[in-house]
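Here is how the chains run, residue by residue.
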Amino acid sequence: STYSVAETDGNGLRTCALGNASGTVNGADVTITVTCELNTFFSATADGVTWALWRTDGTAGGTVLVAPSAVPNSPQAWFVRFNGRLYYQDADATYGTELWSYDGLHAPVRVTDMNPGTSGSFPAWPVVFNGALYFKAIDSAGSALWKFDGTTATRGPNLGSTGNYNPSDLAVFNGALHFAANDGTNGRELWTYDGVNAPVLIDINTSAGASSNPTNL
């Protein structure tokens, strides 16, 4: 006998189609072909006020609301997959704008409070590097590189003597993390970080204190 079935796999991060299942039912192995496609996530507002996390499989019927933002007029920002979960920036009235996560099954949850209080840390420029999620975030000491290992968020290294260097444009290349930042001495320049040793300056504009302002890495 041959059977054909199409359904989702119960995980909102993807949609799966079960193709032909062939073989005999009575005691014999049955071979099933399963194809899964990752869903696309985005922020949208259906009423012009309340922003929400949505997902789509590329069809009208497969475009559904996942969860509204807890703060009106506060769209979710950037979406990146890490360790089988979706991470993104969102806000609520208690913690401000922080890092949130969605596992495809349960309601999204806030996973960090890097800047305690309602001000928020505004995580941005996320990339996956060396088995962790790296991004820029703000706390009481300023704007710096942060690392999230799936459980805990930790502040990254200082650049020279400063912990407030406003990293941006994070990109992974050739086994290293590259980003733009201002260490307060060399202007806004390119830096490279191996995840272990101190970040290394690549000084493009070598005039004292001048910036090359690298962007779009």
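Described below are features of the structure shown in this document. (Residues numbered from 1 in each chain as written. Predicted model: local features only at pLDDT ≥ 70, side-chain atom pairs only at ≥ 80, totals over all residues. Heavy atoms only, no water.)

### A short note on the side chain of Gln-89
Within the element layout of this structure, Gln-89 appears in strand β8 (residues 85-92). For Gln-89, a relative accessible area of 14% corresponds to the buried category. A polar contact of 2.7 Å, which involves the side chain of Gln-89, links it to the backbone oxygen of Pro-123. Look past the residues within four positions of Gln-89 in its chain and what remains in contact with it is Gln-76, Ala-77, Trp-78, Thr-97, Glu-98, Phe-122 and Pro-123. (Helix = DSSP H or I, 4+ residues; strand = E, 2+ residues; numbered from the N terminus. Buried < 20%, exposed > 50% of the residue type's maximum accessible area, 1.4 Å probe, protein only. Polar contact = N/O pair within 3.5 Å; in protein donor to acceptor, adjacent residues only side chain to side chain. Contact = heavy atoms within 4.5 Å.)

### Some thoughts on the environment of Leu-133
For Leu-133, the location among the structural elements is in strand β12 (residues 132-139). Here Leu-133 falls in the buried class, since its relative accessible area comes to 0%. For the pair Leu-133 and Trp-146, spaced 13 residues apart in sequence, the C-alpha to C-alpha distance is 8.3 Å. With near-sequence residues (within four places) excluded, Leu-133 lies in contact with Val-80, Phe-82, Tyr-87, Leu-99, Pro-126, Val-127, Val-128, Trp-146, Lys-147 and Phe-148.

### So, unusual backbone geometry
The phi dihedral of Asn-83 is positive, around 55°, even though this residue is not glycine. Of the residues examined, Asn-83 reaches a relative accessible area of 57% and is grouped as exposed. Positive phi, normally seen in glycine, also occurs at Asn-216, with a value near 55°. Relative to the helices and strands, Asn-216 resides in the segment after β18 (200-202). On the basis of relative accessibility, which here comes to 69%, the residue Asn-216 falls in the exposed class.

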